[in-house]
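Observations on the model geometry
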Amino acid sequence: IEVSEYNIQEYTHNSISIEQLETGFKFLGLPKGIFARYLDSHRLAVSLKAYSLKHMSKNRDSEDQLLASASLTESHILSVKAPIFPDVVLMLPFDYILSKLTHPSELAASSLGNDEDTQEPVIDIDAIVHSLSPPECFGKTSQEPRNSSCLTPEALPSSPDPNFTPAKSAKRALQLASEENNGDTDAVWSINRFASDFLVGLFQRESVDDYSVEGVGQLGTLITNLVAKLRQTCSAYPGYGMHKKVIELKKMLCQCLLIKGHGEDCIEYSSIPHGVSKVTIITEWRKACERIYKRAVSKLSFTGVGNGVTSVITDSRCNGHITQLGSFERPVRLPAAIKGAKRAGAGRDPNVLLLTEVEDNYYNMAENVVIPKAHKKTYIKRLKTKIQSIPPDQKGVPLTDDSDGEGGDDTMGSRGSYAAAVVGIGASLKAVDMVVTGKCVNVFCAIRPPGHHAGLELRPMQAVSNGFCLFNAAACAAIYATTPLSQGGLGLRRVCVIDFDVHHGNGTQDILCSTYDPRYLYVSIHAGGAHINGFEDEGSEDESFRHLLGGRKTEGIFPGRCGDTSPHKGVLNIPLGQKVTASAMGSALVSQVTPRVEEFSPDLIILSAGFDAHENDPLGMGGLSAADFGSVTEVACQMAYKTCSGRILSVLEGGYGIPCCRPRNDLFLPTTSEERLLDLGEDLPSNMDDEVHYTLRQKLDKCHEEGFLECVQSHVQSFVKCNIRK
């Protein structure tokens, strides 16, 4: 193979997570039948890595010395950093060893819906080598202690202490399941069902002498009372009417999350016993509260509400945002998104709801409470005044131009643009309410205009324009979710926004993470990089790399350099180069995004769902298929299940691959009898035009095979697939 940074990279896996390997495999475009070989290759790689870290001496040369050695031999630096394994290790019968391991077809079903990962022990190479020498080779056991390199799940750093292992928890779970089958209801509601042995051990200490503050000891009381409340609610639930059931479900779930946050405060301000990790206590406490949350949802759900329910939210007022002829952001994007959601079952399946109206209370909350927290008053006033001045019959008017008339070339609209943008924010607030209060597991918001380039002020982070965006739905949803209950919010502690639009969400980063805020984690996977956008000198005002969304490749990639680096630990920007490929996306999700999100442990995940990285999108900046977007969604759902009981929602951002929906009126261009139109049926309003330039029409023709509509369909299908909490 060619010696390059692309072909030779550091191996990042430290354990075998079947779930993560299955996810990463989907992005490679390989036949399903070779997954067994893919799994075996990772089994070998992890075992060799574990052996080298545990039993081989490290190269003590400095990084500069290693670089010098590599340059002298004209080789890659990893060629001098890589361990040189003993011959006995390399000559082991790995084919035979791997043949004795569990075949993928025999593995348990994916653990989606559980908060525990599916991991298998790592092959202990040192133990195998050791067994080849006396006395083990004679069938005798050595009396000398041996440091094992076998990194089993029980020995991973996440284990609370030697007295608690996942294996022991599994045995305890089987015992409790047996008790449940035998009708032992007290066992079903024991706190052992929800808290680990480690956490229960802290609750059951007879003395509080080890605590100068009794905060940790109070956790047991909190969780016991919460479980008792859930048990009482479940007993009375069958006698409630439907409206009362929805109210009780909301109260119970909100109480779970409030107590979860209160418990974190108790731990944070307590004196922890010597030898006990505060991080471990917090982690186990979060898991216990989320298990109670999932039990509440599973016990209190019914048809159309709760577990197994996905919702799609939209509103016809979003169609009032009418752009100019030739814009990528066409009004037909919304009908196409609704059509894709319907193909995934929205409106037909009783557990896949299609909600076509945003109520006035959410509209008013968006306009008067949340939007002013996300955007500066000067920006809101400027935008509102500009839109109100547009004549009712005029469309395609620049909305975000400055006093010099610059910056509005790509963000145009009409008299209905303000209402469309506000109702989009209202839809995202409604989605947060529905997910957090248990009405559904996940929600897709089919709204426009998009929002992730709209920041605190006009053209955030030195972008040349607002990139089709007016108000930021993802940021507004995050702010609403973390606003205290006393101020009208939901009081969540942490929200993660994951943006997979092909462009960096400079507006979202500007609003939530301009400085570090422990409530938010912003993750963006996008096209770009310093080698494309240029290297920024401090104070540089270089305009050569600033350009419009969809501009020429030589001008860099919109919105510029702001997504090339991560300014602090509240931001994870992952630029993937000139074009976003499936393999690069999958690698980033598995090796970088998943660990960071699990470490952050959000109470809610919000997706900025842009589909402009599709291989047929007219921007030409992506290589993903519709199925790849489904896989991205599944990965995000897996993260949500591991951290926050599956609470996840998405808001529509980019994606422009919609074929023409109306016959063209080009009087001076030849017509062809083979002109193809996308039939959106009743989802396309009769008064909606779709004027597209002839050259753009040609680009969009290939989207008949697969495009934006299929991407939305795959996205919603993945939500439906992942809407069961176990």
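Reference entry: report on the structure contained in this document. (Residues numbered from 1 in each chain as written. Predicted model: local features only at pLDDT ≥ 70, side-chain atom pairs only at ≥ 80, totals over all residues. Heavy atoms only, no water.)

Moving on: the nonpolar core. Of all hydrophobic cores here, the largest spans 177 residues; its most connected members are Trp-285, Phe-471, Val-593 and Ile-605. Ranked by residue count, the leading element in this core is helix α17 (residues 417-436), at 12 residues. (Core = buried A, V, L, I, M, F, W, Y, C linked by side-chain atoms within 4.5 Å. Buried < 20%, exposed > 50% of the residue type's maximum accessible area, 1.4 Å probe, protein only. Helix = DSSP H or I, 4+ residues; strand = E, 2+ residues; numbered from the N terminus.)

Moving on: the packing of aromatic side chains. According to the stated counting rule, one finds 13 aromatic pairs in the structure shown. For the pair Tyr-379 and Phe-471, a centre-to-centre distance of 6.3 Å together with 75° between the ring planes defines the contact as edge-to-face. Of this pair, Tyr-379 sits in helix α16 (residues 377-388) while Phe-471 sits in the loop between β7 (442-445) and α18 (473-482), placing them 92 residues apart in sequence. Taken individually, Tyr-379 and Phe-471 each receive the classification buried, so the pair is uniform in this respect. Seen in terms of ring centroids, Tyr-418 and Phe-471 are 6.0 Å apart; in terms of plane orientation they differ by 80°. Their pairing is edge-to-face. Within this pair, whereas Tyr-418 is found in helix α17, its partner Phe-471 is found in the loop between β7 and α18, the two being separated by 53 residues in sequence. (Phe/Tyr/Trp six-rings, centres within 6.5 Å; stacked < 30°, edge-to-face > 60°.)

Buried residues dominate helix α1 (residues 18-26), accounting for seven of its nine residues. Residues of α1 that are buried make contact with β1 (16-17), α2 (35-55), β2 (119-120), α21 (582-600) and α22 (626-644). (Contact = heavy atoms within 4.5 Å.)

Another aspect to go through is the sheet that holds strand β12 (residues 648-652). Read from one edge of the open sheet, eight strands run β4-β3-β7-β12-β11-β8-β9-β10, paired in parallel fashion. A single partner strand is all that each edge strand has here, and the edge strands are β4 (352-355) and β10 (571-575). Taking each pair of neighbouring strands and ignoring which way they run, the sheet shows an average axis angle of 15°. Across four bridges, the pairing between strand β3 (residues 310-313) and β4 is parallel. Pairing of Thr-310 across the sheet is with Val-352, part of β4. Seen against the sheet, helix α19 (residues 506-513) touches β8 (495-499), β9 (520-526) and β10 and runs at an angle of roughly 165° to β9. (Pairing = 2+ DSSP bridges. Axes fitted to C-alpha atoms, helices over the stretch in contact; angles between N-to-C directions.)

For the structure shown, the criterion picks out 29 salt bridges. The shortest N-O distance in the salt bridge between Lys-244 and Glu-248 comes to 3.2 Å. Of this pair, Lys-244 and Glu-248 both sit in helix α12 (residues 242-268), four residues apart, which is roughly one turn of the helix. One salt bridge connects Arg-676 with Glu-705, and the closest N-O pair in it is separated by 3.9 Å. (Salt bridge = Lys/Arg side-chain N within 4 Å of Asp/Glu carboxyl O.)

With that out of the way, let us pick up the environment of Phe-198. On the secondary structure map, Phe-198 appears in helix α10 (residues 197-203). Accessibility expressed as a relative area gives 8% for Phe-198, which makes it buried. When the C-alpha atoms of Phe-198 and Ile-281 are compared, they prove to be 8.4 Å apart, with 83 residues separating the residues in sequence.

Simply put, the disulfide is a covalent bond whose two ends are the sulfur atoms of two cysteines. Here the structure, examined in full by the defined rule, presents zero disulfides. For Cys-254, which is in no disulfide, the shortest distance to another cysteine sulfur is to Cys-256 and amounts to 9.2 Å. Between Cys-637, a cysteine without a disulfide, and Cys-722, which holds the nearest cysteine sulfur, the sulfur-to-sulfur distance is 4.1 Å. (Disulfide = S-S within 2.5 Å.)

A word on α22. Because an α-helix completes one turn every 3.6 residues, residues spaced three or four positions apart along the sequence face the same direction. For α22, built from 19 residues, the straight-helix expectation of 27 Å at 1.5 Å per residue is met to within 8% by its first-to-last C-alpha distance of 26 Å. Burial of α22 is extensive: 18 of the 19 residues sit out of reach of the surface. Positive backbone phi, at 55°, marks Ser-645, one or two positions downstream of α22. (Expected span 1.5 Å × (residues − 1).)

Right, let's talk about unusual backbone geometry for a bit. A cis amide bond, omega 0°, links Pro-134 with the succeeding residue Pro-135. Tracing the sequence through the fold places Pro-135 in the loop between α7 (125-130) and α8 (166-181). With an omega of 5°, the peptide bond running from Phe-558 to Pro-559 counts as cis. Here Pro-559 is to be found in the loop between α20 (530-533) and β10. One non-glycine residue, Phe-468, lies in positive phi territory at about 75°. Positionally, Phe-468 belongs in the loop between β7 and α18. Of note in this structure, Ser-645 is not a glycine but carries a positive phi near 55°. Tracing the backbone shows Ser-645 in the loop between α22 and β12. The class of Ser-645 is buried, set by a relative accessible area of 1%.

As far as function goes, none of this settles anything; it's purely spatial.
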